[in-house]
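# A look at the structure
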There are 4 protein chains.
Amino acid sequence: MTTKLTKPIAIIAGAGPGTGASIARRFAQTYPVVLLARRQSSLDPLVQGITESGGTALGIPADVTQPDAMEATMQQIAGQFGADVPVAAAIFNVASKFSRAPFLDSGAEFLDSLEATARGASNFSKAVLPFLLRAAAETPQARLPPTLIFTGATASLKGGSGLGSFAMSKFAVRALAQSLAREFGPRGVHVAHAIIDGIIATEQTKEYMKDKPDAKIHPDGIAESYWFLHSQPRSSFTHELDLRPYCETW
Amino acid sequence: MTTKLTKPIAIIAGAGPGTGASIARRFAQTYPVVLLARRQSSLDPLVQGITESGGTALGIPADVTQPDAMEATMQQIAGQFGADVPVAAAIFNVASKFSRAPFLDSGAEFLDSLEATARGASNFSKAVLPFLLRAAAETPQARLPPTLIFTGATASLKGGSGLGSFAMSKFAVRALAQSLAREFGPRGVHVAHAIIDGIIATEQTKEYMKDKPDAKIHPDGIAESYWFLHSQPRSSFTHELDLRPYCETW
Amino acid sequence: MTTKLTKPIAIIAGAGPGTGASIARRFAQTYPVVLLARRQSSLDPLVQGITESGGTALGIPADVTQPDAMEATMQQIAGQFGADVPVAAAIFNVASKFSRAPFLDSGAEFLDSLEATARGASNFSKAVLPFLLRAAAETPQARLPPTLIFTGATASLKGGSGLGSFAMSKFAVRALAQSLAREFGPRGVHVAHAIIDGIIATEQTKEYMKDKPDAKIHPDGIAESYWFLHSQPRSSFTHELDLRPYCETW
Amino acid sequence: MTTKLTKPIAIIAGAGPGTGASIARRFAQTYPVVLLARRQSSLDPLVQGITESGGTALGIPADVTQPDAMEATMQQIAGQFGADVPVAAAIFNVASKFSRAPFLDSGAEFLDSLEATARGASNFSKAVLPFLLRAAAETPQARLPPTLIFTGATASLKGGSGLGSFAMSKFAVRALAQSLAREFGPRGVHVAHAIIDGIIATEQTKEYMKDKPDAKIHPDGIAESYWFLHSQPRSSFTHELDLRPYCETW
């Protein structure tokens, strides 16, 4: 007897250019992917690229830090893929706003990053976990256990002068990831946290260390690591791993 | 030449019964203390006790998680002790709301603890740091460097099933403490974070392990540790220490 | 111009049954593998199995904790595969002796585990690093950067009552892994440390939690994770990851 | 009824000039102190200074890394202070040999630091713990719980390029300290670990940052912190604290 009715999907929040796009393309090799980003315009080329490669992608402009956005988004997803669609993988890759400023010069916006990130991470988790649990409950068990991954940073582990706002948001996400791993791991959902410790190679960073090959983290390397996390059987889940270029000082 | 004009004070936020009261009494042995708590009623007996012991205490009912509360509070303090009063020690001992609940059963209140704690810790830090820096700039240097201490918990280091809300708030405070230590340490302000890893002996917990002496952390032990942190010369600051009963499993 | 002359190999120390055997079989899918273990008898079935699957395996009985053993072993390897053979992957999977005993009941043997493990890990690293550096220097660069992996445990991060001997050895290996990562990473060698946090499913542990599927870590899961580490491009090396069953308490 | 018969003493291993001497002087304000160091000549001025200040000090030249040395030392102590003398505080302050060298240039001496440190820390702990347990068992309970403190360093938490030997020894001591804390804490012995993160101000380092006041850790600051640890009641033991100058980058 099987309960599997609907083909599972993957959802990537923060599917803008760079890391998000690489993750989306990687998971689209196996699953229909739902891509969330603030602006439709940053989703369009990605959806088009995935479609042209033979994949299925649905781009939904959504601000996951808004309480209602995730709910509306999940309804849209259900409308497209079925109300009982299982989620095989959900990736929270929404960037926390990085700012470095003297603490006493900062105003009320000091907490913006923390509040947006915390709302985003918790809204997203609450929206996708019932769908991940559904995938975990399927019979026969999925070969690839349902997976919820959070993108962290150097500042997930260490505060810094002028970095309080950013570090608070990244520490908080790590706390959430650990707590969800301990709550939902025993129910078959793999919750993981990746610490990206280095500059990511994107259009914005192309001038940085341009003469040193591979000195920046290639987004595809992050995507492969996320896929690896997803591929782990439930007898050996990795909760946390770090990622940094070979030449990074740490 | 000396610039020292005004006798320095200590400010304790979260000066309710229990830990806050013990800290207040300890610092009142040396400084006039300003005590902040939500309710005047929880301040009155403490202020009275300190006064009767020959100390000076000013209780100000204030919700430090409200943006404007700290500013009004600091004006009240300036009115009482002088606009140029240096702060020798500031303690952020406001409890984060502890709750243990299944993540998917939680509603919007899931983020309440994080947001209140983060606002409180950052409001308080912004309000007191200029006064701490003033103390750091005095000539001759104070024997006891100005100190800003945050109260942490087991959940500052480790998330837990159903504890996401609490852990997020405690991780975030730790990130802030680390960031402020790195920014203001070089300017002479000692920023520290204490991890309270165990049940604190209070009126509320008196039934817990009542037959095992010293199995709960006595608030006076926390207060002495905070005073110790304040007593460290700037050549050897402790940023983080843990505190737990001898019989605690960890 | 290429300098690649000889087909690279993989070396696994601690290639006994269980984790070591799984790692050996995984890397034998790509490389000739050299297997080190104390007893020839524990190597024979593994070598035979790999050979029957179309792989190449050389079993060398060696006690890597003995100063001269690794040198003799490397000469034997050079004799078989060429003095200039590059090493693509070297895995230190030698078990530290686990013992749980009251500290004051222990005798001189208390340090045996630490000394054997430290000697083994450092002997092995010194022997293989020149061969790993050779692989790193090849032109064109290998698609899979040369990799040195150490097997850690729960006790790599946390001591325990009666576990001092074991924890000292595992902490020390972690210190070595971190130090070598920082020294040899910039030279192109990927040094990683895996924290195995749970009971491994082996012949010896088959009765443990036998009724709960996947409650023990399957050795093949560890092997796949090690292969994943080896597969990472140098722009995104993972230094440390943990591995535990979905239902493990941590 | 009391079982207290003999005045308790303190034992400091690694009581050379600098930190060890400061610790010795601090504990000598309350206890007769036994000072261990390799050379009598480095003990003599310290013993003399303590005596002149009205304290009691016994200097015993001993290499605690030698298996038999600690036993002979304890017999000498028993001869002087009584076979049933309780130990109120025992400090392991023996320096691990710091060396920074390319890993592949190092020879067999690579493990010297680890082996000497591990032997020293475990020999010392085994020798003093029965005397600390005796102090813990006294009735009425000592106001200051018996305390065993280990001196750690930056490298207790983090390896470094070329620092493998040193880091292995410091990680191992931290593992021992954690394990002993978990085993002997519930029996009333306070086991603590101090992470000294900075340059200590000694004769050897006097040229380093000489123009920046307080940029090095003053040994007396370490001594005061150790005394603070000793002063903690058993309801609130600190297991680990860090110590660094206010201007240190970390």
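Refer to the structure presented above.
Residues numbered from 1 in each chain as written. Chains lettered and ligands numbered in written order. Predicted model: local features only at pLDDT ≥ 70, side-chain atom pairs only at ≥ 80, totals over all residues. Heavy atoms only, no water.

This part takes up the overall build of chain A. For chain A, the count of helices and strands is 6 helices and 7 strands. For chain A, the sequential pattern of α-helices and β-strands runs β-α-β-α-β-α-β-α-β-α-β-α-β. In terms of its C-alpha atoms, chain A occupies a principal-axis envelope of roughly 60 × 35 × 35 Å. For chain A, the proportion of its 250 residues judged to be buried stands at 62%. Within chain A, contacts between residues at least 6 apart in sequence are counted, and of these 71% link residues at least 24 apart. Surface exposure of chain A reaches about 9,600 Å², of which carbon and sulfur atoms provide 52%. Averaging the positions of the 23 positive and the 22 negative side-chain charges in chain A gives two centres separated by 5 Å. (Helix = DSSP H or I, 4+ residues; strand = E, 2+ residues; numbered from the N terminus. Buried < 20%, exposed > 50% of the residue type's maximum accessible area, 1.4 Å probe, protein only. Contact = heavy atoms within 4.5 Å. Areas by Shrake-Rupley, 256 points an atom, 1.4 Å probe, with all protein chains shown as cover. Lys, Arg positive; Asp, Glu negative; His and termini not counted. Charge placed at Lys NZ, Arg CZ, Asp CG, Glu CD.)

With that settled, the discussion passes to the relation of the copies chain B and chain A. Taken as rigid bodies, chain B and chain A are interconverted by a rotation of 180 degrees and an axial shift of 0.0 Å, the fit giving an RMSD of 0.0 Å. What we have between these two chains is a two-fold relation. Residue by residue, 100% of the interface of chain B is reproduced at the interface of chain A, so both copies engage with the same surface. (Least-squares fit on C-alpha atoms with pLDDT ≥ 70 in both.)

Inspection of every chain in the model, using the stated rule, returns 36 salt bridges over all chains. The salt bridge partner of Arg26 of chain D is Glu224 of chain D, with a shortest N-O separation of 2.8 Å. Highlighted residues: Arg26 of chain D in helix 1 (residues 19–28) and Glu224 of chain D in helix 6 (residues 219–231), separated in sequence by 198 residues. A network of salt bridges, in which partner residues are shared, links Asp197, Asp242 and Arg244 of chain A. (Salt bridge = Lys/Arg side-chain N within 4 Å of Asp/Glu carboxyl O.)

Residue and element names in this part refer to chain B. Over its 13 residues, helix 2 (residues 40–52) extends 18 Å from the first C-alpha to the last, a length consistent with the 18 Å expected when each residue adds 1.5 Å. Close packing links the buried residues of helix 2 with helix 1 (19–28), strand 2 (33–37) and strand 3 (57–61). Just past helix 2, the residue Gly54 takes up positive phi, approximately 95 degrees. (Expected span 1.5 Å × (residues − 1).)

It is worth spelling out helix 6 of chain D at this point. Residue and element names in this part refer to chain D. The end-to-end C-alpha distance of helix 6 is 18 Å, a good match for the 18 Å that 13 residues give at a rise of 1.5 Å each. Extensive coverage of helix 6 is indicated by the burial of 10 of its 13 residues. Within helix 6, burial applies to Pro219, Gly221, Ile222, Ala223, Ser225, Tyr226, Trp227, Phe228, Leu229 and His230.

Turning to the packing of helix 4 (residues 112–137) of chain C against helix 5 (residues 164–184) of chain C, a few remarks are in order. All names here are of chain C. Running from amino to carboxyl end, helix 4 crosses helix 5 at an angle of 20 degrees, the nearest separation of the two axes being 9 Å. Looking at the two axes, helix 4 sits roughly parallel to helix 5. The handedness of the crossing between helix 4 and helix 5 comes out as right-handed. Mapping the contact onto sequence places Ser113, Leu114, Thr117, Ala121, Ser122, Ser125, Leu129 and Leu133 in helix 4 and Ser165, Phe166, Met168, Ser169, Ala172, Val173, Leu176, Leu180 and Phe184 in helix 5. When its residues are assigned to classes, the contact of helix 4 with helix 5 shows 11 nonpolar, 6 polar and no charged. (Axes fitted to C-alpha atoms, helices over the stretch in contact; angles between N-to-C directions. Parallel < 35°, antiparallel > 145°, perpendicular 65-115°, else oblique. Left-handed = near helix turned anticlockwise from the far one by under 90°. Nonpolar A, V, L, I, M, F, W, Y, C, P; charged D, E, K, R; others polar.)

In this section: the interface of chain B and chain A. Chain B puts 39 residues into the contact, and the matching count from chain A is 39 residues. The contact between chain B and chain A buries some 3,000 Å² in all, and 70% of this surface belongs to carbon and sulfur atoms. Interface area lost by chain B to chain A is led by Phe103, Leu104 and Lys126 of chain B, which between them contribute 21%. Counting across the chain B and chain A interface gives 2 salt bridges. Between Glu115 of chain B and Arg119 of chain A there is a salt bridge, with the nearest N and O atoms lying 3.8 Å from each other. When contributions to the side of chain B that touches chain A are tallied by element, the ones reaching two or more residues are helix 4 (112–136) and helix 5 (164–184) of chain B. Ranked by the residues each element gives to the side of chain B that touches chain A, the list is headed by helix 5 of chain B, at 14 residues. (Buried area = accessible area lost by both parts, 1.4 Å probe.)

It is worth spelling out the side chain of Lys216 of chain D at this point. Summarising the element assignment, Lys216 of chain D is placed in the loop between strand 6 (190–196) and helix 6. Of the side chains bearing the opposite charge, Glu207 of chain D lies closest to the buried Lys216 of chain D, which forms no salt bridge; the N-O distance is 7.9 Å. Not counting residues within four places of it along the chain, the set of residues in contact with Lys216 of chain D comprises Ser235 of chain B together with Ile199, Ile200, Ala201, Thr205, Lys206, Tyr208 and Pro245 of chain D.

Bringing a nonpolar patch on the surface into the picture now. Taken together, the side chains of Ile199, Tyr208 and Met209 of chain A present a nonpolar region at the surface, about 240 Å² in accessible area. For Ile199 of chain A, a relative accessible area of 32% puts it in the partly exposed group. (Patch = residues over 30% accessible without salt bridge, like charges linked within 9 Å, V, L, I, M, F, W, Y side chains within 5 Å.)

With that settled, consider the packing of aromatic side chains. In this structure the tally under the stated criterion is 30 aromatic pairs over all chains. With a centroid separation of 6.4 Å and 85 degrees between ring planes, the pair formed by Phe184 of chain C and Phe103 of chain D is classed as edge-to-face. A residue pair is termed interchain when its members come from two chains, as with Phe184 of chain C in helix 5 and Phe103 of chain D in the loop between strand 4 (87–92) and helix 4 (112–137). Of the residues examined, Phe184 of chain C reaches a relative accessible area of 0% and is grouped as buried. Residues Phe92 of chain D and Phe124 of chain D carry aromatic rings whose centres are separated by 5.8 Å and whose planes lie at 40 degrees to one another, so their mutual orientation is tilted. Placement of Phe92 of chain D in strand 4 and of Phe124 of chain D in helix 4 is noted, with a sequence separation of 32 residues between them. Linked through ring pairs, Phe27, Tyr31 and Trp227 of chain A together constitute an aromatic cluster. Here the guanidinium or amino end of Arg182 of chain C rests over the ring plane of Trp250 of chain A, the centre of that ring lying 3.7 Å away. For Arg244 of chain D, the ring lying beneath its charged end belongs to Trp250 of chain D, and the centroid distance is 3.8 Å. (Phe/Tyr/Trp six-rings, centres within 6.5 Å; stacked < 30°, edge-to-face > 60°. Lys NZ or Arg CZ within 6 Å of the ring centre and 35° of its normal.)

A few words on the environment of Asp197 of chain C. All names here are of chain C. Within the secondary structure, Asp197 is located in the loop between strand 6 (190–196) and helix 6 (219–231). Judged by relative accessible area, Asp197 falls into the buried class, the value being 8%. In this structure the C-alpha to C-alpha distance between Asp197 and Gly152, which are 45 residues apart in sequence, comes to 8.5 Å. For Asp197, the residues in contact, after removing those within four places along its chain, are Thr154, Ile217, Leu243, Arg244, Pro245, Glu248 and Trp250.

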